[in-house]
Amino acid sequence: MQRRTVLKGGASLIGAGSLPTIARAQAPKSIRIGYAVALSGPYAPGAQSTTWSQYKLWAKDVNDAGGIMLKKYGAKVPVELIDYDDRSQIEEAIRLVERLILNDKVDLVLAPWGTATNLATAPVFNKYEYPVIHFTASADRVAQLGPRWPYSFWALVQPKPATAPLATMVKKLTTEGKIKGRVAIMHVADQLGVEMAAAMQEACKKEGVEIVYFKSYPLGASDLSPQIREMMALNPDAFFAFSYPSDTFMVTEQSHVLGFSPPIYYTGVGTPFPAYAAKFGAKKNGVLIYGAVDSTAPGQKEYRERHKAMYNRDVEIGSIGTYATMQILQKAIEQVGEIDRKKIRDAIAGGTFETIADVYSFKGQLHQNAWAVGQWQGDEVVAVYPENKRGAKPLMFPKPKW
Amino acid sequence: MAEKPASRWWIAPAAAGVAFLAGLPLLLSAYTVSLLISVLAYASLATSWAFFSGTTRYISLATAAFVGIGTYTVALLSDHLPLAVVLAIAHMIGFVIALGVGLSTLRLSGIYFVIFTFGLTELIKQLVIWFEINQTKTLARYIFVNASGTLIYELLLATATIVIAGVWWLSRSRVGYALRVIGEDEMVARHSGIDTTRVKVLVFAATSAVMSMVGAVLSLRYTYVDPNIAFNSLVSFQVLIMALLGGIGRPWGPALGAVPLVLLSELLSGTFPHHFGIALGICFVVIVFFLPGGVMGLVDRWSAWLPRSALRRRKES
Amino acid sequence: MILFEVVLSGVLVGGMYGLIALGLNLQYGIARMMNLAYGEALMGGAYTAFWFFMLWRIDPLASMLFSVPVAFCGNWLIYRYLLSPLIRRAANQEILEADTILVTFGLLFVFQGLALVQWGGEYRGYTYLAVPIDLLGATVALNRLMAFVAAVVLALALYWLLRSTRLGGALRAIAIDPVAAQLVAVDVPRLSALAFAAGGAIMAAAGTLVSMFLSFNASIGIVYTLKALIVVIMGGVGRMLGCLMAGLLLGLAEALGAYLVDPGLTLAINFALFLLVLLVRPQGLFSRG
């Protein structure tokens, strides 16, 4: 192993003969990468399934392959993860990022979990000029934060582009005479649900689509049947719930029981979870989903197998997206060939990255043309909108009655 | 004993200590400063909480409500007004709302008061959510104040100093005496001519205002705030736990609970990141069983061994 | 017609609220222990039902044969080895309360942490008896109906037990004054342990029933503990029927509020109702205190 590294180093030395010899310094023993996410408290479940499980899987994959190639030293360098528990608290998260940067002096720091935590730690990342790709963060304001935080990148689809295709879809089906175009919207009273619903409302207004029901419900509601009954009386043919996992499960089951089955049925976070598939079986077919990944992207099949081998469970698309951000980071590091955070930042900002989820390119540090809408088709989550992207599948319409 | 004027020998060293603490950010890394920020914030919260709840036995879970009110005041006003004014307003709003709450909850006692204050926090949170959804169509509020860790540290140090000194001074005054009598037996307090209502409500409002102040200062570097973050019931429980751990009988007690708990949490979350909850839980059980009376109990047992304090006791008696 | 259906679903939800509060009412109302780890029994019951169903296709109702006795024993052990030493040691009620809050808060962290390590963080749920039932012309889900029936049956049974049996009389004596109860030859430590353990067992059963229609994860316990506390306090500590009534009231207010006012305000309406009840009747709705 040691010898091979040396040989490889020698080989690239000849290739890079024009470099001054002083650059041929000893390669670092490892690339130290830290992160602070919620490992306990209310955010812990989400952070585990979407975020840190993927960091660990990625680190294992990288180290199984010998490490990340650093051109400057002509050697593959393994990564070493340092993890902290932010206990689902903002104040802790801010402090732990500082701890990683100032005390542990890690080479890179990865993003935490959740919109609030990502936004609250962004100033710290940017103060110390640590490039970071935020994934589990979606808020309208993010689009304007580029110049303020040049080291922060935002990879997830944001509320406006996530909902615009939905309104267009309803409009198109209405003009084709397939539906009457009566839209019912309900949303959870939390930041993402509220911003998604507001963006959807605006998009519908722009498209001239009629909204017959538009109401929120509190986070932690334990019954949504009064709302479903009220909607059923209004006879909508497109239903959109901007929901969180527990309410996604609940509204779906209660729709089954009450027989609420409009031809367009969309639910939010939680819809693509393996637990959702296990719970609802064949009834999931045709349900539309918040966010998506290109299921035909190169490497995704192998990734799913590695994930299953490591965790003994299936993945959800959010995890695939998180893993993709790690691939972007890795490619940027390899392109730069050393741990130079300014150069890595520029490489992310300027590059186009093929990953297991999507092809990423950032403009104003915001991922452009991100996947917005997916759909359960058979036993698979496929990407539907934006329809002009590689890997997009045609919409399945109507959703089969349940 | 409470009214007896004590010697003031410790004032000079205490002042020197505070001055030293104020200078610390010059020597320490930003990380250590932010660790101290947590220590100071929780020490202030626990001290002010215990001054009301610990002495009167009215256990309040509304800490999160008042912290949240401070946070939200900053979120609403920081773009429009200078920082000092915003902080003053946060302090005032906390005071006024606490006055209202105090007046309306007088009839409650025991566990009914505890759960009432918890429900109140949730109600405020739900109303803020509802208001934001219907008025602003988003729950997100952004705070872009250019406040460094050092500034926040100094503000909290000032708050903590004032709170601890204030509580120390008040607990030796008539107010503290009145509170203790109320805690012992409210009926007796009323009969001995104490205006229990006035004392309770005013102290509740004053300590709640401190909580709003702490919430306001902490939020200066959150960047992003929504009602679930601002009105986080976990904070109420944490403060309660710290105060219980420190010992609520004396002004220093709660702060002595906050310091080790913040440090212990930091240590555990770094050492056992994936088993933090389990480790912390076990620590709690161990502490209760092997450290009865909390940190103050420990201090008492130690000071009994120290010759100097024995000497002082002899002098006092 | 819709209004009737809304009222009905409110009643069902209310029954669930009552159900999750009954056990706490035994633990806090009778055994006089504030157990902040109470909701973890619900989590345990829910996970048991889920894994038995997913791995071995065992009927969730049958899984109670396992989870309920385990919860009973677990809670008994907690009472016997963690809480009663504190009772013996405590100089007064305040110290005891502070100690129990600290210990059960610690247990809450331990159980939640173990579940997270053992079962991961994902939301879990399964489909069982999610079938429409026609009830007086309205459609309801069978699994929700079952939780409601269980709540009513349990509340009535506990009410009868406490009112009309010797054991119940002894338990009520403990609830009112443990020291006096000891004097009239009631075996206070044993019966308190029994009440505490039974409370945990009921919560595990509630967990099984609730898991049939609500998804859950490792950190769900505290949510239900706090909900149960609200219901117990509103109904009156130690009052089993009061507990059920308070639950029903909250469920009805929630459903009617969602339908007639704004679904966004349901929790606000619930908490406002709770606060109002306490201001009018500071000892809970159905307490004579």
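Use the structure listed above.
Note that the structure is a prediction, hence the values are computed from the model and not measured.

## Section: the sheet that holds strand 5 (residues 108-109) of chain A
All names here are of chain A.
Working step 1: With parallel pairing, three strands are arranged side by side in an open sheet as 4-1-5. Bordering the open sheet on either side are strand 4 (79-85) and strand 5, each of which pairs with just one other strand.
Working step 2: Direction of pairing for strand 1 (residues 31-37) relative to strand 4: parallel, over a ladder of seven bridges. Looking across to strand 4, one finds that Ile-31 is bridged to Val-79.

## Describing the interface of chain C and chain A
Quoted interface sizes are often the accessible area lost when the parts come together.
Working step 1: Every contact between the two is made by 41 residues of chain C and, on the other side, 36 residues of chain A.
Working step 2: Summing both partners gives a buried area of about 2900 Å² for chain C against chain A, and 58% of it is carried by carbon and sulfur.
Working step 3: When residues of chain C are sorted by the area they lose upon contact with chain A, C:Leu116, C:Tyr123 and C:Pro263 head the list and together hold 18% of the total.
Working step 4: One can count three salt bridges joining chain C with chain A.
Working step 5: For the pair chain C and chain A, the number of links is 10 residue pairs in polar contact (both at pLDDT 80 or more).
Working step 6: The set of elements that each furnish at least two residues to the side of chain C that touches chain A consists of helix 1 (2-30), helix 4 (93-119), strand 2 (138-141), helix 5 (142-164), helix 10 (240-261) and helix 11 (266-280) of chain C.

## Notes on the sheet that holds strand 16 (residues 373-377) of chain A
Sheet strands pair by backbone hydrogen bonding; their relative direction is either parallel or antiparallel.
Residues and elements named next belong to chain A.
Working step 1: With mixed pairing, the seven strands of this open sheet are ordered in space as 9-8-10-11-12-16-17. Of all the strands in the sheet, the pair left with one neighbour each is strand 9 (210-217) and strand 17 (380-385). Mean inter-strand twist for the sheet, computed between neighbouring axes without regard to direction, equals 20°.
Working step 2: Here strand 8 (residues 182-188) runs beside strand 10 (residues 238-242); their pairing, made up of five bridges, is parallel. In the strand pairing of strand 10, His-187 is matched with Phe-242.
Working step 3: Relative to strand 11 (residues 264-267), helix 8 (residues 245-258) is tilted by about 155°, and along the sheet it contacts strand 8, strand 9, strand 10 and strand 11.

## Quick word on the interface of chain A and chain B
Working step 1: Contact residues are listed per partner, giving 42 residues for chain A and 35 residues for chain B.
Working step 2: Here chain A packs against chain B, burying approximately 3300 Å² in sum over the two surfaces, 56% of which is carbon and sulfur.
Working step 3: In terms of surface lost to chain B, no three residues of chain A exceed A:Arg87, A:Glu91 and A:Arg95, which account for 19% of the buried area on that side.
Working step 4: The salt bridge involving B:Glu266 is made with A:Arg87; its shortest N-O contact spans 3.9 Å.
Working step 5: If you look at where chain A meets chain B, you find nine residue pairs in polar contact (both at pLDDT 80 or more).
Working step 6: Going through the elements one at a time, helix 2 (44-64), strand 4, helix 3 (90-103), helix 4 (115-127) and helix 6 (191-207) of chain A are the ones with two or more residues in the side of chain A that touches chain B.
Working step 7: For the side of chain A that touches chain B, the element with the highest residue contribution is helix 3 of chain A, accounting for 10 residues.
Working step 8: Looking at side-chain class alone, the side of chain A that touches chain B contains 21 nonpolar, eight polar and 13 charged residues.

About the thresholds
Residues numbered from 1 in each chain as written. Chains lettered and ligands numbered in written order. Predicted model: local features only at pLDDT ≥ 70, side-chain atom pairs only at ≥ 80, totals over all residues. Heavy atoms only, no water. Pairing = 2+ DSSP bridges. Helix = DSSP H or I, 4+ residues; strand = E, 2+ residues; numbered from the N terminus. Contact = heavy atoms within 4.5 Å. Buried area = accessible area lost by both parts, 1.4 Å probe. Salt bridge = Lys/Arg side-chain N within 4 Å of Asp/Glu carboxyl O. Polar contact = N/O pair within 3.5 Å; in protein donor to acceptor, adjacent residues only side chain to side chain. Axes fitted to C-alpha atoms, helices over the stretch in contact; angles between N-to-C directions. Nonpolar A, V, L, I, M, F, W, Y, C, P; charged D, E, K, R; others polar.

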